[in-house]
Amino acid sequence: MRKFFWSTAALLLGVSGTMAWEKASGNIERIDVFKNGIGVVTKQITAKTAEDGIYHYEEVPYAIHGTFFVENGGKLQIKVRQELRQVDFTTDYVSYAKRFANCQATVFLKAEKTLAVTGTILPPVEPKLPTAPPQPYDNSYIPPMEELKLPLLLKKENGDTVSIPVDEIRSIQANGCNFTGREIQNVMILNGELPADLKLHYLANGIAWAPSYNISLLTADQMQLTQQAVLRNELEAFKDAEIRLISGFPNVTFSQVGSLMDPGMTLQKFFAQLNGGQPRPMYEMKMAAVMSNTRMADAAADTGSGVPDLPPDGVDLYFQPVGKLSMEYGESLYLPLAEKETTYRKLLEWNIPAQSVNNINNPGTDQANNDIWECLVFSNPFDFPMTTAPVNVYTLGDFNGQSTVDWVAPGKEATVKITRALSVKTEVNERQSGKSSGSFLQLKSMETLDFTATLTITNYRQTPVDVKIKKQFYGEFLKADRKPDSVNVMTDQWRWNSPLSEAIWNVTLQPEEKCVIEFSYKMTR
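As the structure is a computational prediction, the values presented were derived from the model and not from experiment.

Draft legend 1. Region of the structure containing the overall build of the chain. Along the backbone of the chain there are four helices and 32 strands. Looking at the 525 residues of the chain, the share that counts as buried comes to 42%. With the model as given, the accessible surface of the chain reaches about 28100 Å², and the carbon-plus-sulfur share is 51%.

Right, here's the structure in full:
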C-alpha cells in the first residue's frame, strides 16, 4: 500500500481524461493597467487544428460587462459554460479536505511535534452544476482561496469527529488516497474554424499599479525627482506581456458588473449587479483618490497642482510603457520608472478654510484647520504627466515628510507639503460686522451678512520667508487694506445661497516681521 506524506507547504488541480475536442491555449499579449484595479487585456487564442472544429479554452476571463470583444473571430461560435470533470488534486491549490478525502491519515499539529490526531478525513460536499432556475440568495459557492481556509474534519475510530483549523496543521501522513475528485470546470467552447490571429479583448478587475515619488534635496535650489511603482497582479499569470501604465480618470460605468460571458454568471446576479445590489465577488478594492486621480477635479483650486493640458487627441489619459513583463498570480513587482534633476524653491503655504456652520454667527477666532506648511515648489521635469501619488521628501538621506502630489502636466508647477512651519505664527479673527434684510419680492426671506476677517502672520525665523496666504469664504469679496493677488469664485460649491470664494495673497516676511491683512465680504442666506 502506498503512503504519502504532505507538508503544509505542499497544497497542489488539473484536468485529466480523454478529450474529444482540442484544447486551446491563451497568451496575454498586452495589458494596459489603471490604478483603480482595472486592466485592459489583449489575449491571443491558439490551438492545434481539431478535426471536428471544436476547441475548449479553460482559462475563461472574468470580463467587465460590455467590454468582451472578439477580434478576427469570423463565423466562429463562442460559448461559455460550466462542466463537472474528474480532476487530479495533486497539481494545483486545493483544500486538505478534497486532497485527502476518505484517506486514513495522521494529522500532526504545530503545537508539539509529537501531538497528532489519527482517523478518516471526511470529504467535502461534492459540487453540483447550477440548476434552473437558481435558488434566491444562493451563497453555497465558496471561492477557491477561501476554501483553503476551511477546517479539516477528521473522524476518529471511536466515532468522534474532530475539526482542525488548517493553520494549526504542521503535516499530514496518509494512505489509501486516490487524490482525484469531481470539480466544476469553467470552459469556453469555440466551434468552427479557429483563425491564427484570434484575439480576445476585455476589461477585467484584478491588476493595478500604485505609483510613488521620491524627492532628494541636493542643494539649496537643486533636487532629484524619481518615480517608481508597484504592480500587483491578481488577474492571472502572464508571460512576456507588453505592459502600459495608465494615468487618468476614465469613466468605466460598469466596473462592478460582470459580463454575461463570465463563468457562473446568472441573470439574477447580473441584474442585481446592474442595480447595485451585489458587488462583483472577485475583487474588493478600495478606490482611494490616490488610486484613481479623483483629486484632479480639485486641481484648479490648488495652486501648484497643475490642471492637465488637453492633449492633441482630446483625451486626458497617458499610457506609460514599461516593456514586456512576466508575473505569476498573486505577485507584486517593483518598477523604477523615471529619474531627473530639476530646480525648486521653498514656500510657506497658509490655507485658511471658510468658517464652519456652527461658528458663522459667533464673533472671534476660528482656529480649526488653521495650519501653515513649508512646501517645495517645482516644475514637472518629465516629458509626461506626474500622476496623483504619494511623494516622500529627503534631505541628504534624512526623511523630511510625506505628502501627495496631484496630476501635473509636463512643465507645470507642483507644490508639495514637507513639514508644519512651527516658527511662523498665525492668527485668524473673523466676525460679523453688519446685517440687512432681503427684498419682499423674493420668494423666500433673504438676508445679507457682512463679515470682516483679520489675518495675522509673524515670522520668528532668522531668514526671510515667502508665504502664500489662501483664505476661503462663502460670499462676495468687498474690499481689503492689502489688495489680494487674485480672488477666485468656485461656482460649483455653494452654501447659504453664496458661492465658495478664495482670496490669495503672496507676501515676503523679513525676520521678526508681522503682517496684518484685513478684508471684508458679504454673504447672502
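Draft legend 2. Looking closely at the sheet that holds strand β31 (residues 498–509). The six strands are arranged β25-β22-β21-β28-β31-β30 in an open sheet whose pairing can be described as mixed. Of all the strands in the sheet, just β25 (413–420) and β30 (486–495) have a single pairing partner and so form its edges. Neighbour-to-neighbour, the strand axes of the sheet open up by a mean angle of 30 degrees, direction not taken into account. Judged from the 10 bridges that link them, strand β28 (residues 465–474) and β31 form a sheet pairing that is antiparallel.

Draft legend 3. Quick peek at the packing of aromatic side chains. One pass over the full model with this rule turns up 10 aromatic pairs. Between Phe-451 and Tyr-521, the aromatic rings sit 5.4 Å apart at their centres with planes inclined by 15 degrees, giving stacked as the arrangement. Taken together, the residues span a long stretch of sequence, with Phe-451 in strand β27 (residues 447–459) and Tyr-521 in strand β32 (residues 514–524) at a distance of 70 residues. Members of the aromatic cluster, each reached through a chain of ring pairs, are Phe-451, Phe-473, Phe-477, Trp-505, Phe-519 and Tyr-521.

Draft legend 4. The pairing of β32, seen in detail. Strand direction decides the pairing type here: β27 and β32, joined by 11 bridges, are antiparallel. Looking at the pairing, Asp-450 lines up with Lys-522 of β32. With four bridges joining them, strand β29 (residues 476–480) and β32 adopt antiparallel strand pairing. Within β32, the residue paired with Phe-477 across the bridge is Tyr-521.

Draft legend 5. Up close: the nonpolar core. With 32 residues, the main nonpolar core has Ile-31, Val-33, Leu-190, Leu-231, Phe-238 and Ile-243 as its most contacted residues. With four residues, strand β18 (residues 238–248) is the largest single contributor of residues to this core. Counting 29 residues, the second-largest nonpolar core is a separate cluster that includes Ile-352, Ala-354, Ile-372 and Leu-449.

Draft legend 6. Here's a closer look at the pairing of strand β13 (residues 169–175). With five of seven residues buried, β13 is to be regarded as a mostly interior element. Note: strand β9 (residues 104–109) against β13, six bridges, orientation antiparallel. Among the inter-strand pairings, Thr-106 is bridged to a residue of β13, identified as Gln-173.

Criteria and cut-off values
- Residues numbered from 1 in each chain as written.
- Predicted model: local features only at pLDDT ≥ 70, side-chain atom pairs only at ≥ 80, totals over all residues.
- Heavy atoms only, no water.
- Helix = DSSP H or I, 4+ residues; strand = E, 2+ residues; numbered from the N terminus.
- Buried < 20%, exposed > 50% of the residue type's maximum accessible area, 1.4 Å probe, protein only.
- Areas by Shrake-Rupley, 256 points an atom, 1.4 Å probe, with all protein chains shown as cover.
- Pairing = 2+ DSSP bridges.
- Axes fitted to C-alpha atoms, helices over the stretch in contact; angles between N-to-C directions.
- Phe/Tyr/Trp six-rings, centres within 6.5 Å; stacked < 30°, edge-to-face > 60°.
- Core = buried A, V, L, I, M, F, W, Y, C linked by side-chain atoms within 4.5 Å.

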